[in-house]
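Residues per chain, in single letters:
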Number of protein chains: 2
Amino acid sequence: MITKQKYVYSFGSGKVAGQGGDKKTLGGKGAGLAEMTGIGLPVPAGFTISVPACEYYWGRDKKWPAGLAEEIRRQLAQLEKTSGKKLGDAKDPLLVSVRSGAARSMPGMMESILNLGMNDRSVEGLAAATGNPRFAWDAYRRFLQMYSTTAVGLSKEILEEKLYHLKERAGVRSDHELSAENLRALCGEFKDFFREQTGRDFPQDPWEQLVGAVNAVFNSWNADKAVTYRRVEKITDLKGTAVNIQQMVFGNMGDDSGTGVCFTRDPSTGENIFYGDMLINAQGEDVVAGIRTPIKLTELGDHMPAIYDQLCAVRAILEIHYGEMQDLEFTFERGKLYMLQCRTGKRTPAAAFRIAVEQATQPLLTKTAARRLFKAGYLPKRYLDAASKPVISRDQAIRRITQEDIERLFYPIISPNIARDELARAKLTEGINAVPGAACGQVVFNAADAEALAAKGEAVILVRKETSPEDVGGMQAAMGILTQTGGKTSHAAVVARGWGKCCIVGCDDLKIDYNAGQMTIRGQVVRANDYLTLDGSSGTVYGGRLELQAPQPPQEYFTLMKWADGRRRLRVHTNADTPEDARKAVEMGAEGIGLCRTEHMFFATRERQLAIQEMIVADTLEARKRALDKLLPYQRDDFIGIFDAMDGRPVTVRLIDPPLHEFLPKSQEQAEELSQATGIPTAAILQRAEQLHEANPMLGHRGCRLCITYPEILEMQVRAIIEAAVAVKKRGGKVSPEIMIPLTIDAKELKLLTDRTRAVADEIIKRSGVKLDYLVGTMIETPRAAITADDIAEVAQFFSFGTNDLTQMTMGLSRDDAGRFLPDYCNPNKAAIFAVDPFTSLDQDGVGMLVLVAIEQARDVNPKLKIGICGEHGGDPESVKFCHLVGMNYVSCSPYRVPIARLAAAQAMIEEDEDEAQRRAAVRAATPKRRTSAGKKKAAPAKKKAPARRARK
Amino acid sequence: MITKQKYVYSFGSGKVAGQGGDKKTLGGKGAGLAEMTGIGLPVPAGFTISVPACEYYWGRDKKWPAGLAEEIRRQLAQLEKTSGKKLGDAKDPLLVSVRSGAARSMPGMMESILNLGMNDRSVEGLAAATGNPRFAWDAYRRFLQMYSTTAVGLSKEILEEKLYHLKERAGVRSDHELSAENLRALCGEFKDFFREQTGRDFPQDPWEQLVGAVNAVFNSWNADKAVTYRRVEKITDLKGTAVNIQQMVFGNMGDDSGTGVCFTRDPSTGENIFYGDMLINAQGEDVVAGIRTPIKLTELGDHMPAIYDQLCAVRAILEIHYGEMQDLEFTFERGKLYMLQCRTGKRTPAAAFRIAVEQATQPLLTKTAARRLFKAGYLPKRYLDAASKPVISRDQAIRRITQEDIERLFYPIISPNIARDELARAKLTEGINAVPGAACGQVVFNAADAEALAAKGEAVILVRKETSPEDVGGMQAAMGILTQTGGKTSHAAVVARGWGKCCIVGCDDLKIDYNAGQMTIRGQVVRANDYLTLDGSSGTVYGGRLELQAPQPPQEYFTLMKWADGRRRLRVHTNADTPEDARKAVEMGAEGIGLCRTEHMFFATRERQLAIQEMIVADTLEARKRALDKLLPYQRDDFIGIFDAMDGRPVTVRLIDPPLHEFLPKSQEQAEELSQATGIPTAAILQRAEQLHEANPMLGHRGCRLCITYPEILEMQVRAIIEAAVAVKKRGGKVSPEIMIPLTIDAKELKLLTDRTRAVADEIIKRSGVKLDYLVGTMIETPRAAITADDIAEVAQFFSFGTNDLTQMTMGLSRDDAGRFLPDYCNPNKAAIFAVDPFTSLDQDGVGMLVLVAIEQARDVNPKLKIGICGEHGGDPESVKFCHLVGMNYVSCSPYRVPIARLAAAQAMIEEDEDEAQRRAAVRAATPKRRTSAGKKKAAPAKKKAPARRARK
């Protein structure tokens, strides 16, 4: 026997036939209505046509599934029976709304039709039944208008125009003032227009109306604007929309009627107040349309205390039920309250923290308030106790905070006070939103100008085709960075992210003319010193100066992060190259430095830059050593500053990594300057630069390969690190240096360099007479290092997975070039090969497998090996959770992502505990009762969870 | 109890105390002497001081191990007892030679001292005992000279000068003519000189002499020339030299004495004759010094038939014993034969094949000859039968041939008739020996000139800084290719290797001035149209025209390759892009095309090049399709030609792989030409080229990523392949096309492209009405593809491992750039991280592990998946053996390496069988006798050997 699929689910009137909360079947709105019905809240009766029906419709050339019409007719009959009214009835007609509702909110993207069931007969019935002809004709007018445009596709503008002309003729300003007669005439005009346009009369049969309305909602799922919205928002998991058909209730039936929207807490501040706006004697669309100024919800308490108390009880019930702050819609008709919608409420980042912390620590209502609502009969007994206790646990609070909540907490934003159209006018173009936050300043086109202008105290936006390490000074000085090329992990993006500095990259529209000191953006010329405002969160570039708002984390942020720190197993380090970065990171909660890149230090001043360049162009060992001797004191001083800032926390210093040509002069002028400083002919310098040019620098002469070729570089750097550590120790400071060798591909290679490192370090320590412990480890960033991790683990004291490079090599993707095709790969509407950009979130199936195998192999031979990750993925929550699952000791990320990593690490631990609890419960359930006590003892100890949920065999 | 280590092993006089043949302990010479003693050949008695003694000496600051002196004294006493003579004896003194002998021959690199034991007393004793004072004083003179220079370090030149002056004074021309008196005087002069220089008398104590001589040999191990030799020859497995102390025998004791060197077969032709040179009444060094003209060995048969027959028997005994052609040294003293050395003889490639085949098919001696030698008492009975049977099995013959034997068989060489000093004068510089063989022709500096000059019938050498795909025509036209940059797997090297065309790359000394049409090499100017000769085998560049010799494989080559083909499991395909290559490859034994690169076809003519360029600069889909339509017929015709040439053998066609910018004009002129042809402005063309520029093209927009972005390219190529196949089938031909998608990183990506491929192909086949089978598969060349091979195996019909790129990505090594540091990594005397260049021989520990894991995973889900390898490693014997062990179905390599792969595949099979036989023998040995028959049945079936010998857990 084939079980026929059910497509329609009823709700309301205290009965529910849907799976409460199943958004996948019922959509968000339908699920909320079913859920509210289930917990006894007053919901107007109705039914939901499921998402699978819509999916069928689109899969079968706009046909309804067999039996759907029959199901709807049956549900409609039931609704008529429940309400005691009939659709299209000449006396007291039933009116229904027909609304869309996908599993996720797509605000304004899809259609609704209200007052369905109105026709030439029922309008009279409604007028009679309500004793309000104006109301009845207004309802008919609204239905005619909505149905004609939405279900039939007639021109919205023409109908609006007819309404406008009517008001002109009647000499009134607002719809409200139109009389029943006016509206009846307008209905006539609308029907005439319908006939003119379609060649038939406006459908009077309510069933025909209903079928048309359901199809209109189905069709709106694939309307251009909805498709575009889903593409832009990268929504791919939705299959269609549900259709909710519900008895109409009216907030515009007099002063004992009204409608409103509210939040169970203040969505801006998170404060524990009942927050909302409402209108007396109005319909929902009037609130949204802003035709009348709404009043504060609390004023309802004065006006209609019973309704207000009822609502307060609903607020408590729903927040307790969902354990989350809710966004509600309600209407009361002639003194009777109806709930029309509930969903999780959006909130500001600050509110997110305050709500989570207060939900976990304080009751929603005082005992007195709760008791009063109970006594009034509004709060059922089963909610009484709960209403005066915290709504959620601390773990739930921790899990509730998202990456975006933290990001948006710290980055400046464009003032929300700026009007939307002003923003639209100022917008010049869009690029890739590499680092969120906003910035505003004067445009400069090179790093030197950025530094000069910033030194005068001006805010600067640095605009470049692309950035390179020598731009770092100017990037540091700028408030925001804008580049024509590159992706989210290009040089500009990575460096800027490290500083939490607003950055937009890959902005193709820029046509930069460095010589002229200007650029054009979509034809508009922007000159040096003109103002630009960047919104790094969206990637939008605005002309001129827009007001910004500075971040200020609330107290609850610190409370919640403390909870998170208490929950996590994974430690969180930071990537920091300067004492300032280090201090900032400690402030953000970093427990060490996981990646200190020494090469950025070479660009800090002109002298250093010249010294490193001199080292590279040197053609004898002696000349190279002379240049390195100049660099040594700079590096040593930098390390002293960093060690001081970290105060004994581990500091992992990576030896020189980039290919040497990155440090060399690019232009004739720069070469001449270097020539003057070093006495080496300009031609020789340019020749050396040319000679160092590589076809694929990413796979070239870089990382520890440089130290194989030039051991003297390693020696200088180790000397600087260890001498700095010794100096700090000598004056009583604490220091834990870890020397990290990059780009290892073989254990022998690492052994050779580790031996050299120890030879230099031990000699210095011995001479100093100070006791100093230090570690020597390596990055695992080539696939070969991961594959041979067991051999390498015999040499290394720690591993740090460099997943940026590991991703590049494992996937054969240059992050500087992937912008040409990777977006298509990640676009769910194009090739849809990857769900997320593998440079943003670790590719767990591919790169992650290498990481997993490497860790297992390495721990086999060296169980105590310290293992971490550095690079972009260390600040991505999903990747952090992966790191937790595969058993790393720490993650390292840029200072501004440290809180995100701390939170994700705690969430990972909580998820692990929950999985474990479920497992135990399953074991308990499967244990026969009589053997329980014995069974308990025999049960195997809780086994560590399989490392990665998505891990493969 | 500690067992004292033994350092000295005796040999000779029919007794042997050494482990016969243990070269590691005894060195090559010592092992041969012990071995010959063991099988009863006449070897002058003596003993060998082992290699570990030398190792100890160098490890402990030039100290002898405890007990060594004692051991030597004991052995010396034994030697004196055996010979009945005493060192330094005044009557009939014992004389010994002290010779070095490492495990591998290092010709001329280390020292020997002869006639040790001579002193003022024993010289008289020797004169008396031999009745030949001249001989005695000459022996003393020689010893004084050798000992003074070798053991004490006095000037060779001054001593030679004294000898020269003596001859002047005596009025004679050669040493031979000096009288006993002359020589006695010279000995006095030598001793005086010794005293002057050292302040002490020449040591008269034979023990002191012996210690000095042993130390001299030890010291010569680390003399500059020996160290340099080992560095140049990349010898790293040797720990030191042995020292052989042996009773002197003299070939210069009259006409019944003599000395010679011989080979058991002709080392030039491989002919089964006894081949050698000798001198009557001379010492070994006289043969080497070339003072007198030697006579042919066969003449000895006339002069001294007994000695000759004895030698003939020795020849048979040693070749049978070793199963290999031997290189021998002998001396006969007063009618008694002594063997002084035996080792495996070097031979020409043609001889290598003839020897191997004849050893496996024919007896060394006729039955008559063997019986004659037996009857004469020279050939022991146990060798009688063996001497008239083949010496080795066919399997042994197959295993004996090396990659170099085959390579050298096919490449032209510089004529061996050219005198060494002429060569030295012609030599300009050296580069990296990318493709062996020699070439001679006129220099041109660009591809167009190469084609033009070659069209006139001239031989051309193409010289470029580096080559790119657009040079391919010129490269094809040239006899040899010389580039300034690049390594063994650079574009020039890979393309040239495909054609077996002489190529030298990475020749830093070239300073090319394209504009002037000339270059300088170490200061010497070479102009266009000057002649150069390249020796690609050594990487040497010669000025001028040197005579070349063409290759001509002997019949035995074909015989042996047939045997190999009968033995192998692995199939051998080829990489070929044109019908000519395909035909050549079939001639070389290819069983299919494993890699047909379609992009080279785009450069075959100017029209094609313009069409592909037009396609790339097109800015609309229509324009792109128009350009592709032009390419379609060209590609289709190419495929028809290739299918015809392969006559039904599988042809694997790879879809477009390189990044598009490789096809675009590089210069203003080329852009202008394209502009004229297409009507697209030059500036737009150059801008497009600029826009396509990539930071790391290896990891950029290439491979199947191009077909994701531009599906129309895939469609055109699939159309060309399938239409060609259909055309061939229609006229009754056979064809097995396989379409290969490159650079896959994910199963979804491959699925998408496979579906597109099949859609196009099936439509064409359906329309044609022809039945055509084809496969769609992928290259596994990114680490991610290897890691996710199980998913990919569900989509692909075959895998081809692209180990060039897989090596680049797994190791993070750009083959175009690695020339800067990889040589240090592979140099045993520098970083010594890799034993071989991973681009030459597959890195089995790293890349090989990915291959192994991928195959295991893939076969789990798709046991019948066809798996092969294409790329440079497919022609490297060690890599081919790896491919066999991991269970691949085929390897594919360039046409000229096909025989090498066929041979290696057979060798791999033979090795596997031998391992299996050993395993069975071990099982049998471990099975108790009474259970033998039952045990046999129960024994588990022979399990497949663990895939890779070097594979890791």
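Up top is the structure these notes are about.
Residues numbered from 1 in each chain as written. Chains lettered and ligands numbered in written order. Predicted model: local features only at pLDDT ≥ 70, side-chain atom pairs only at ≥ 80, totals over all residues. Heavy atoms only, no water.

A. Representation of the sheet that holds strand 2 (residues 46–49) of chain B. Residues and elements named next belong to chain B. Pairing within the open sheet is antiparallel, and its five strands lie in the order 1-2-7-5-6. Looking along the sheet, the strands with just one partner apiece sit at the ends: strand 1 (8–11) and strand 6 (112–116). When strand polarity is set aside, the average angle formed by the axes of neighbouring strands in this sheet is 20°. Bridge count for strand 5 (residues 96–102) against strand 7 (residues 241–247) is seven bridges, and the pairing is antiparallel. Within strand 7, the position partnered with Ser-100 by the bridge is Val-243. (Pairing = 2+ DSSP bridges. Helix = DSSP H or I, 4+ residues; strand = E, 2+ residues; numbered from the N terminus. Axes fitted to C-alpha atoms, helices over the stretch in contact; angles between N-to-C directions.)

B. Layout of helix 13 (residues 349–361) of chain B. All names here are of chain B. Across its 13 residues, helix 13 extends 19 Å between first and last C-alpha, which sits within 8% of the 18 Å expected from 1.5 Å per residue. The element helix 13 is extensively covered by neighbouring structure, given that 10 of its 13 residues are classed as buried. Considered for burial, the residues of helix 13 that qualify are Pro-349, Ala-351, Ala-352, Phe-353, Ile-355, Ala-356, Val-357, Glu-358, Gln-359 and Ala-360. Buried residues in helix 13 make contact with helix 12 (305–322), helix 16 (394–400), helix 17 (403–410) and helix 22 (555–567). (Expected span 1.5 Å × (residues − 1). Buried < 20%, exposed > 50% of the residue type's maximum accessible area, 1.4 Å probe, protein only. Contact = heavy atoms within 4.5 Å.)

C. Fine view of the pairing of strand 30 (residues 775–780) of chain B. All names here are of chain B. Counting buried positions along strand 30 yields five of six residues, so the element is predominantly enclosed. The pairing of strand 29 (residues 736–741) with strand 30 spans four bridges and is parallel. Bridged to Ile-741 within strand 30 is Thr-778. Note that the unit made of strand 29, helix 30 (residues 747–768) and strand 30 has a crossover that is right-handed. Direction of pairing for strand 30 relative to strand 31 (residues 798–802): parallel, over a ladder of three bridges. (Right-handed = clockwise from strand over helix to strand, strands pointing away.)

D. Representation of the nonpolar core. Core analysis: the biggest nonpolar cluster contains 318 residues, and A:Ile722, A:Phe799, A:Phe801, B:Ile722, B:Phe799 and B:Phe801 have the highest contact counts within it. Look past the residues within four positions of A:Phe801 in its chain and what remains in contact with it is A:Ile780, A:Leu806, A:Val851, A:Ala854, A:Ile855, A:Ile867, A:Gly868, A:Ile869, A:Cys870 and A:Met888. (Core = buried A, V, L, I, M, F, W, Y, C linked by side-chain atoms within 4.5 Å.)

E. View of the sheet that holds strand 9 (residues 275–280) of chain A. All names here are of chain A. Ordered in space as 10-9-8-11-12, the five strands form an open sheet in which the pairing is antiparallel. Taken across any chain shown, the strands that pair with only one partner, and hence form the sheet edges, are strand 10 (295–296) and strand 12 (336–344). Examined bridge by bridge, strand 9 and strand 10 share two bridges and lie antiparallel to one another. Bridging from a neighbouring strand, Asp-277 pairs with Lys-296 of strand 10.

F. A look at the pairing of strand 8 (residues 258–263) of chain A. All names here are of chain A. Taken across its six residues, strand 8 has five buried, putting it largely inside the fold. Pairing analysis gives six bridges linking strand 8 to strand 9, with the strands arranged antiparallel. Each residue of the ladder has a partner; that of Thr-259, found in strand 9, is Leu-279. Relative to strand 11 (residues 326–333), strand 8 is paired through six bridges, and the arrangement is antiparallel. Each bridged residue has a counterpart across the sheet, and for Thr-259 the counterpart in strand 11 is Thr-331.

G. Layout of the interface of chain B and chain A. Taken together, the contacts link 51 residues of chain B with 51 residues of chain A. Interface area for chain B against chain A, summed over the two sides, is near 4400 Å², with a carbon-plus-sulfur share of 56%. It is B:Leu699, B:Arg784 and B:Arg820 that lose the most area in chain B upon contact with chain A, and together they represent 15% of the buried surface on that side. One salt bridge connects A:Arg784 with B:Asp843, and the closest N-O pair in it is separated by 2.6 Å. Where chain B meets chain A, there are 26 residue pairs in polar contact (both at pLDDT 80 or more). Classifying every residue of the side of chain B that touches chain A by side-chain character gives 22 nonpolar, 14 polar and 15 charged. (Buried area = accessible area lost by both parts, 1.4 Å probe. Salt bridge = Lys/Arg side-chain N within 4 Å of Asp/Glu carboxyl O. Polar contact = N/O pair within 3.5 Å; in protein donor to acceptor, adjacent residues only side chain to side chain. Nonpolar A, V, L, I, M, F, W, Y, C, P; charged D, E, K, R; others polar.)

H. Quick look at the side chain of A:Asn119. Residue and element names in this part refer to chain A. Structurally, Asn-119 is set in the loop between strand 6 (112–116) and helix 4 (122–130). On the basis of relative accessible area, Asn-119 is assigned to the buried category, the value being 2%. Apart from the residues within four sequence positions on either side, Asn-119 is in contact with Gly-88, Tyr-140, Gln-204, Pro-206 and Gln-209.

I. Structural context of the packing of aromatic side chains. All names here are of chain B. Per the counting criterion, the structure on display carries 42 aromatic pairs over all chains. Ring geometry for Phe-274 and Tyr-308: centres 6.3 Å apart, planes at 35°, overall tilted. Placement of Phe-274 in the loop between strand 8 (258–263) and strand 9 (275–280) and of Tyr-308 in helix 12 is noted, with a sequence separation of 34 residues between them. Tyr-308 carries the same exposure label as Phe-274, and that label is buried. (Phe/Tyr/Trp six-rings, centres within 6.5 Å; stacked < 30°, edge-to-face > 60°.)

J. Structural view of the environment of A:Arg568. Residues and elements named next belong to chain A. You can see Arg-568 is positioned in the loop between helix 22 (555–567) and strand 26 (571–575). Once the C-alpha coordinates of Arg-568 and Leu-297 are considered, the two residues, 271 residues apart in sequence, prove to be 41 Å apart. Leaving out residues up to four positions away in the same chain, Arg-568 has contacts with Glu-591, Arg-902, Ala-905, Ala-906 and Met-909. In terms of polar contacts, Arg-568 uses its side chain to reach the side chain of Asp-565, at 2.9 Å.

On their own, these measurements won't tell you what the molecule is for.
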